[in-house]
Amino acid sequence: MCRNIRTLHNFEPAATSDEVHAAALQYVRKIAGTTKPSQANAEAFDAAVEEIAHTTQHLLDALVTNAPPKNREEEAEKRRARFAGRA
């Protein structure tokens, strides 16, 4: 998985539409192999981001779990610790 795409499921508060859109954008960038499409491909690129964001939101809304919700700050601290360990 792309390192820039973060887990969005089972957080309190739930993932925002901006977070879902950012994950969709990262996914499309990875698949397309570009961070910015050419003018000829911009419409297809943007449509793909919107479709994936929409589908991702439906997925997140449908997922169920018995696990307690994760704390965003605790998870961010774990990411920072992992990153510091790589340096």
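Residues numbered from 1 in each chain as written. Predicted model: local features only at pLDDT ≥ 70, side-chain atom pairs only at ≥ 80, totals over all residues. Heavy atoms only, no water.

**A short note on the packing of helix α1 (residues 17–32) against helix α2 (residues 42–62)**
Relative to each other, α1 and α2 sit at 130 degrees, their axes nearing to 8 Å. For the element pair α1 / α2, the angle class is oblique. In terms of crossing hand, the pair formed by α1 and α2 is right-handed. Judged by residue contacts, V20, H21, A24, L25, Y27, V28, R29 and A32 of α1 engage F45, A48, V49, E50, I52, A53, T56, Q57 and L60 from α2. Across the contact of α1 with α2, the residue classes break down as twelve nonpolar, three polar and two charged. (Axes fitted to C-alpha atoms, helices over the stretch in contact; angles between N-to-C directions. Helix = DSSP H or I, 4+ residues; strand = E, 2+ residues; numbered from the N terminus. Parallel < 35°, antiparallel > 145°, perpendicular 65-115°, else oblique. Left-handed = near helix turned anticlockwise from the far one by under 90°. Contact = heavy atoms within 4.5 Å. Nonpolar A, V, L, I, M, F, W, Y, C, P; charged D, E, K, R; others polar.)

**Topic: the pattern of salt bridges**
Per the stated rule, a full pass over the model turns up three salt bridges. Linking E75 and K78 is a salt bridge whose minimum nitrogen-to-oxygen distance equals 3.2 Å. Here E75 and its partner K78 are both found in helix α3 (residues 72–86), three residues apart, which amounts to about one turn of the helix. Residue E75 is classed as buried on the basis of its relative accessible area of 18%. K78 gets classed as partly exposed once you look at its relative accessible area, which sits at 44%. One salt bridge connects E77 with R80, and the closest N-O pair in it is separated by 3.2 Å. (Salt bridge = Lys/Arg side-chain N within 4 Å of Asp/Glu carboxyl O. Buried < 20%, exposed > 50% of the residue type's maximum accessible area, 1.4 Å probe, protein only.)

**Focus on the confidence of the model for the chain**
This prediction gives the chain a mean pLDDT of 91; 94% of its residues lie at or above 70. Per-residue pLDDT, averaged within each element of the chain, yields its smallest value for α3 (86) and its largest for α2 (97). (pLDDT = per-residue confidence, 0-100.)

**Digging into the layout of surface pockets**
Reported here for the largest pocket is a volume of approximately 250 Å³. Lining the largest pocket are twelve residues; nearest its centre among them are I5, R6, L8, A23 and T56. Put simply, the parts of the chain that give the lining of the largest pocket at least two residues each are α1 and α2. In terms of residue class, the lining of the largest pocket is made up of eight nonpolar, three polar and one charged. (1 Å grid on protein atoms, 1.4 Å probe; cavity = no way out; pocket = protein on both sides within 12 Å on 5 of 7 lines; lining within 4 Å. Points joined across faces, edges and corners; volume = space filled by probe spheres on them.)

**Overview of unusual backbone geometry**
Backbone torsion omega between E12 and P13 reads 0 degrees, so that peptide bond is classified as cis. If you trace the backbone, P13 turns up in the loop between β1 (11–12) and α1. In this model, N10 sits at a positive phi of 65 degrees, which is unusual for a non-glycine residue. Mapped onto the elements, N10 comes out in the segment before β1.

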